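Close look at the chain arrangement
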Amino acid sequence: MFKIGLGRIGCLPYNELYMQKNDISKYEYVSFDVFDTLIFRSVATPEDIFIIVQELYIKKTGCTISSFYRDRIKAERIARSQHIGQDITLDEIYSQLKYKADTLKLLKEIEIYVELENCIPNAPMVEFVNYCRGIGKKIAITTDMYLPRSFFEQLFNKLGIKADFLFISSEERETKRSGKLFQILLKKLNVPAAQVLHIGDDDNNDIYQAMNNGIDSLERWYDWNALQNVVTSSYIENHINSLSCLYNRTEFNQSAYNIGFSILGPLIYDFCNWLHEERLKQNIDKLLFVAREGYLLEKCYKCLYPEEADVGYICLNKNLLRLPLIYEQKTLTIYKDSLLQRAVYSWNQIYDTFLIAKNETQRRLISDRLKISINSIVTREDLYNGIYDDKLNQLIELCTGTMAKQSCFLMKYLVQNGIFDGKIGLVNNSINGNGQLMLESYLHNKGIDANIYGLQFHDSIKCKTNVGNRYSVYFDSIKISSYQKSEFYRNCLIFEHLLFEPSGTSLHFFEENGTVVVAKNKQTRETLNYPYVDEVQKYTLLFINAYKNHIPLSCSGLGINRLLNFFHYPQVDNAEPICQLWDEDADGSNKIADSKIALKWNYKIFKNVPKSIIWIEGYLSLKGVKPFWLKLIQLKLKLLYYKTHKKEFVIDLLLKLF
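Right, let's walk through the structure included here. Here the structure is a predicted model, which is why all the values come from computation and not from measurement. (Residues numbered from 1 in each chain as written. Predicted model: local features only at pLDDT ≥ 70, side-chain atom pairs only at ≥ 80, totals over all residues. Heavy atoms only, no water.)

Secondary structure summary: the chain contains 30 helices and 19 strands in total. Contacts spanning at least 24 positions in sequence make up 72% of the contacts within the chain whose residues lie at least 6 apart. Distance from the positive charge centre (79 side chains) to the negative charge centre (76 side chains) of the chain: 4 Å. (Helix = DSSP H or I, 4+ residues; strand = E, 2+ residues; numbered from the N terminus. Contact = heavy atoms within 4.5 Å. Lys, Arg positive; Asp, Glu negative; His and termini not counted. Charge placed at Lys NZ, Arg CZ, Asp CG, Glu CD.)

Our next topic: the sheet that holds strand 13 (residues 424-428). Consider a sheet: its strands pair through backbone hydrogen bonds, and that pairing is either parallel or antiparallel. Reading across from one edge, 10-9-13-14-15 is the order of the five strands in this open sheet, with parallel pairing throughout. The outermost strands of the open sheet, each flanked by one partner alone, are strand 10 (311-314) and strand 15 (471-473). Strand after strand, the sheet turns through a mean of 25 degrees between neighbouring axes, direction not considered. Inspection of the sheet shows strand 9 (residues 286-290) paired to strand 10 by four bridges, in the parallel sense. Paired with Val290 across the two strands is Ile314, which belongs to strand 10. Against the sheet, helix 21 (residues 434-445) contacts strand 13, strand 14 (452-456) and strand 15, and its axis sits at roughly 175 degrees relative to strand 14. (Pairing = 2+ DSSP bridges. Axes fitted to C-alpha atoms, helices over the stretch in contact; angles between N-to-C directions.)

Looking now at the layout of surface pockets. The calculated volume of the second largest pocket comes to roughly 1400 Å³. Looking at the lining of the second largest pocket, the elements with two or more residues in it are helix 11 (235-247), helix 12 (254-281), helix 23 (482-490), helix 26 (558-568), helix 27 (572-579), helix 29 (627-644) and helix 30 (646-657). Taken together, the residues of the lining of the second largest pocket sort by class into 15 nonpolar, 18 polar and seven charged. (1 Å grid on protein atoms, 1.4 Å probe; cavity = no way out; pocket = protein on both sides within 12 Å on 5 of 7 lines; lining within 4 Å. Points joined across faces, edges and corners; volume = space filled by probe spheres on them. Nonpolar A, V, L, I, M, F, W, Y, C, P; charged D, E, K, R; others polar.)

The residue Lys600 is located in the loop between strand 19 (588-591) and helix 28 (616-622) in this model. Separated by 307 residues in the primary sequence, Lys600 and Glu293 place their C-alpha atoms 34 Å from one another.

Attention now goes to the pattern of salt bridges. The tally for this structure, following the rule as stated, stands at 34 salt bridges. Residues Arg490 and Glu617 are paired through a salt bridge, measuring 2.7 Å at the closest nitrogen-oxygen approach. Of this pair, Arg490 sits in helix 23 while Glu617 sits in helix 28, placing them 127 residues apart in sequence. Among the residues examined, Arg490 registers a relative accessible area of 29% and is labelled partly exposed. Residue classification places Glu617 among the buried residues on the basis of a relative accessible area of 0%. Through salt bridges with shared partners, a single ionic network connects Arg72, Glu76, Arg80, Asp87 and Glu111. (Salt bridge = Lys/Arg side-chain N within 4 Å of Asp/Glu carboxyl O. Buried < 20%, exposed > 50% of the residue type's maximum accessible area, 1.4 Å probe, protein only.)

In this section: the packing of aromatic side chains. Tallied over the full model, the rule gives 47 aromatic pairs. When the ring of Tyr335 is compared with that of Phe354, the centres are 4.9 Å apart and the planes differ by 25 degrees; the resulting orientation is stacked. Placement of Tyr335 in helix 15 (residues 332-338) and of Phe354 in the loop between helix 16 (347-353) and helix 17 (360-370) is noted, with a sequence separation of 19 residues between them. One exposure class covers both Tyr335 and Phe354, and it is buried. Ring pairs connect the aromatic residues Tyr247, Phe252, Tyr257, Phe261, Tyr269, Tyr539, Phe543 and Tyr547, which therefore count as one cluster. Taking NZ or CZ as reference, Arg292 lies 3.8 Å from the ring centre of Phe500, over its face. The ring of Tyr453 carries Lys423 above its face, with NZ or CZ at 4.9 Å from the centroid. (Phe/Tyr/Trp six-rings, centres within 6.5 Å; stacked < 30°, edge-to-face > 60°. Lys NZ or Arg CZ within 6 Å of the ring centre and 35° of its normal.)

Most of the time, phi is negative for any residue but glycine, and the peptide bond is trans. Here the bond from Ala291 into Arg292 is cis, since omega is 5 degrees, no more than 30 degrees from zero. Within the secondary structure layout, Arg292 lies in the loop between strand 9 and helix 13 (294-304). Backbone geometry at Asp310 places phi at a positive 55 degrees, although glycine is not the residue there. Relative accessible area serves as the criterion here: at 42%, Asp310 is assigned to the partly exposed category. Non-glycine residue Lys371 carries a positive phi angle of around 60 degrees. Examined against the element boundaries, Lys371 turns out to sit in the loop between helix 17 and strand 12 (377-379). Exposure remark for Lys371: the relative accessible area of 72% places this residue in the exposed category.

Looking now at the nonpolar core. Membership of the largest hydrophobic core comes to 144 residues, with the highest contact counts inside it found for Phe32 and Phe152. Ranked by residues supplied to this core, first place goes to helix 12 with 13 residues. What Phe32 contacts, discounting residues up to four positions off in sequence, is Leu38, Met125, Phe128, Val129, Cys132, Ile139, Ala140, Ile141, Thr142, His198 and Ile199. In this structure, Tyr345, Tyr351, Ile356 and Leu370 belong to the second largest nonpolar core, which totals 49 residues. (Core = buried A, V, L, I, M, F, W, Y, C linked by side-chain atoms within 4.5 Å.)

Next up on the list: the packing of helix 12 against helix 27. The N-to-C vectors of helix 12 and helix 27 enclose an angle of 90 degrees; their axes lie 9 Å apart at closest approach. Of the possible angle classes, the one that applies to helix 12 and helix 27 is roughly perpendicular. Contacts between helix 12 and helix 27 involve Gln254, Ser255, Asn258 and Ile259 from the first element and Asp573, Asn574, Pro577 and Ile578 from the second. When the residues that make up the contact of helix 12 with helix 27 are grouped by side-chain class, the tally is three nonpolar, four polar and one charged. (Parallel < 35°, antiparallel > 145°, perpendicular 65-115°, else oblique.)

For the rest of this paragraph, the subject is the packing of helix 11 against helix 25 (residues 530-549). It is at 11 Å that the axes of helix 11 and helix 25 come closest, and there the two elements cross at 120 degrees. Between helix 11 and helix 25, the angle is such that the two are oblique. For the pair helix 11 and helix 25, the crossing hand works out as right-handed. Of the residues in helix 25, those touching helix 11 at Ile236, His239, Ile240, Leu243 and Tyr247 are Leu542, Phe543, Ala546 and Tyr547. For the contact of helix 11 with helix 25, the per-class residue count stands at eight nonpolar, one polar and no charged. (Left-handed = near helix turned anticlockwise from the far one by under 90°.)

Take the environment of Ile139 next. For Ile139, the location among the structural elements is in strand 5 (residues 138-143). When its relative accessible area of 0% is taken as the criterion, Ile139 is described as buried.

What follows is about helix 20 (residues 400-416). The first and last C-alpha atoms of helix 20 sit 24 Å apart over 17 residues, in line with the 24 Å expected at 1.5 Å per residue. Taken together, the buried positions of helix 20 are occupied by Met403, Gln406, Ser407, Phe409, Leu410, Met411, Tyr413 and Leu414. For helix 20, the secondary structure elements touched by its buried residues are strand 10, helix 14 (318-329), helix 19 (389-398), helix 21, strand 16 (506-512) and strand 17 (515-520). Positive phi shows up at Gly418, right after helix 20, with a value of about 70 degrees. (Expected span 1.5 Å × (residues − 1).)

What follows concerns a nonpolar patch on the surface. A surface patch of nonpolar side chains, amounting to about 650 Å² of accessible area, comprises Phe649, Val650, Leu653, Leu654, Leu657 and Phe658. Relative to the elements of secondary structure, Leu653 occurs in helix 30. (Patch = residues over 30% accessible without salt bridge, like charges linked within 9 Å, V, L, I, M, F, W, Y side chains within 5 Å. Areas by Shrake-Rupley, 256 points an atom, 1.4 Å probe, with all protein chains shown as cover.)

Right, dumping it as structure tokens:
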């Protein structure tokens, strides 16, 4: 008799490595445990299943049944007390529940459904079952469980395995725990114990009791990255934490996996569910995800709702809308509002916005005509106060041909992307609704009344002014404070970089083989982000796939809380690759947080922090600053916010209390 704990196995196929360690040719039968051997549950405790059953029942029927979780635990305890020395069936448990017959029937069906759907195959063990069958071994399943035979038949069909014999403690009335189920197995198979090998996870039930009955035993193995599963008071958190552990692999980039699977995944999953509901509610015919942050969002949405038609990806930023709108409206206000907000602008930056060729001779000739120095700068204040209106109007006159061509291209591009195919849901991460406003204004000036509806994470007072009631906000659908919304906005640049497609920002339109194409900025340092961001996005999609296939519970608000907790209190291993991401704009390139910048004591109280440190919490984490200082920064930020948002303080306090 022997016991071997193989744990995680190396790079050889599991059956090859197993055969190198053990000769199973002498066994006629190989017996397998089920729970935590052939499958794992995506819950922290079996009792979490009863909470899920309760929630699904309420969702299905609309009837309140708040005590099922407690009643189900009590019913099992009573049933076991009435059958001391024997195992029990699911029917015997449910007979102790004092509900109506139709309610009991539905609850039992839901419980079996939840048990099936929350199962995650232990791939190497499932593979080994099929290997054993392939070399002529007979397969027995030996399990302590109250679930009926029909459950196991459905489970094995789902796993793609076939068992010759099934020994269930609830049918045989004896358990592995006592050792008597193994005695029944030997008697019914009518073979000597030496002909049987049993594989399971429990030291007593599967190893000691098998050996005590003369049966050789092995500890099951697995290929996931065994981590400590954090158990919380939230069954949804537990469900996600369990999935995170069970889908993890040692070869994964652990930082990218943690951020993609456990942080972005829950947030984007919930956002996409909200999008789906809003699409139905608002009677939206087509969803268009706006570049660049719409890149990952569209992939996740299509993964969740592959049956939905008319879902696309479109480029529509200020660079693409600026010149067509100026051409139609002939107003400088549009131009000024479309500029990136900065204290000063160079004339070369202004020329770029008019798509003037980057030709030094040509630009100097234009500067001479405007009677300005090409090397001079323009302050934002002077620009908005009209000091340079005459120069800008001259530029508009010079670039009329370019603007007319861009306007023509824009209209063709909109037709290409079906912007006029019914009611369009425009999905973006805007806060002020500027893009939607510019597009609607452009079409209005063309005499076209397109039906556009914005769908975004967050909004502002300016957005309400710009877009009115022609948009919806995800954050309005969940329990989130105004301070949390402001913190999401403060850290939005990091969030967006993790959603971006692997290409630069859109610059202008051009035509190629009769099709309008978007020219994009040629990136330099941001290309260094792609390998890591691609990993994060891959694991985000892995979560979306896993979650929809294992009881897709509502995780409303959970994702944003996880994201903000990451922003505020990052662990070094997760923070380091995020801090190394590059951000490029017209002012140059900066890392999200460069750890080479020398730490000064006042940075720890969020004072005089250089603008080049975009993520102060990540920077401090890399510098080894104690968590106390991160908490102090949060306290200071809250005080600063509520000092100027007294009304929001009262609202947020009531939200927290109720």
